[in-house]
Amino acid sequence: MRHLFAKLSSVLIIASLAATMALASPDKQKLPKVPKMPVCPVCKMSLTMKKDKAHMKAVKMHGKTYYCCAACKMDKGAKTTKKK
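Bear in mind that the values here come from a model prediction, so they are computed numbers and not experimental data. (Residues numbered from 1 in each chain as written. Predicted model: local features only at pLDDT ≥ 70, side-chain atom pairs only at ≥ 80, totals over all residues. Heavy atoms only, no water.)

1. Quick look at the overall build of the chain
Across its full length, the chain carries 1 helix and 2 strands. Among the 84 residues that make up the chain, the fraction classed as buried is 12%. Considering only contacts within the chain whose residues lie at least 6 apart along the sequence, 23% involve residues at least 24 apart. Carbon and sulfur atoms provide 64% of the accessible area of the chain, an area that totals close to 7,900 Å². (Helix = DSSP H or I, 4+ residues; strand = E, 2+ residues; numbered from the N terminus. Buried < 20%, exposed > 50% of the residue type's maximum accessible area, 1.4 Å probe, protein only. Contact = heavy atoms within 4.5 Å. Areas by Shrake-Rupley, 256 points an atom, 1.4 Å probe, with all protein chains shown as cover.)

Right under this line is the structure:
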């Protein structure tokens, strides 16, 4: 009887440790990736995808239109990097 209880207790301890380790380290592949918003090449502020009173200047980057602050001195000579 004593050996039976010893084996059962060791199996329960190993199972609980394995379950604890599995819960403690979540799989990184399942976490959602947060997209980074692009930055204005002139004033270095983050761009938004919606036009509002604070973000009036349209900037086209990577085939998409983003909006920068109204005080930005965006001119036609500003270069944007192309996504490869």
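2. A few points about the environment of L47
Residue placement: L47 occurs in the loop between α1 (2-24) and β1 (57-61). L47 sits in the buried class, given a relative accessible area of 1%. Sequence spacing of L47 and C69 is 22 residues, and the spatial spacing of their C-alpha atoms is 8.0 Å. Beyond its immediate stretch of four places on either side in the chain, L47 contacts M37, P38, V39, C40, M61, Y66, Y67 and C68.

3. So, unusual backbone geometry
Positive phi values are uncommon outside glycine, yet K44 reaches one of about 65 degrees. Relative to the helices and strands, K44 resides in the loop between α1 and β1. Unusually for a residue other than glycine, H62 sits at a positive phi of about 55 degrees. Of note, H62 is situated in the loop between β1 and β2 (64-68). A residue is classified by how much of its surface remains accessible, and H62, at 40% relative accessible area, is partly exposed.

4. Side note on the confidence of the model for the chain
Here the chain averages 76 in pLDDT, and 70% of its residues register 70 or above. When mean pLDDT is compared element by element in the chain, β2 scores highest at 87, while α1 scores lowest at 80. (pLDDT = per-residue confidence, 0-100.)

5. Observations concerning the pairing of β2
Bridge count between β1 and β2: 5 bridges; the pairing is antiparallel. Bridge assignment links A58 to a residue of β2, and that residue is Y67. Here β1 folds back onto β2 in antiparallel fashion, the turn holding 2 residues, of which H62 has a positive phi close to 55 degrees. (Pairing = 2+ DSSP bridges.)

6. Observations regarding a nonpolar patch on the surface
Together, M1, L4, F5 and L8 make up an exposed nonpolar region whose accessible area comes to about 470 Å². Its location among the elements puts L4 in helix α1. Assessed through its relative accessible area of 47%, L4 is described here as partly exposed. (Patch = residues over 30% accessible without salt bridge, like charges linked within 9 Å, V, L, I, M, F, W, Y side chains within 5 Å. Salt bridge = Lys/Arg side-chain N within 4 Å of Asp/Glu carboxyl O.)

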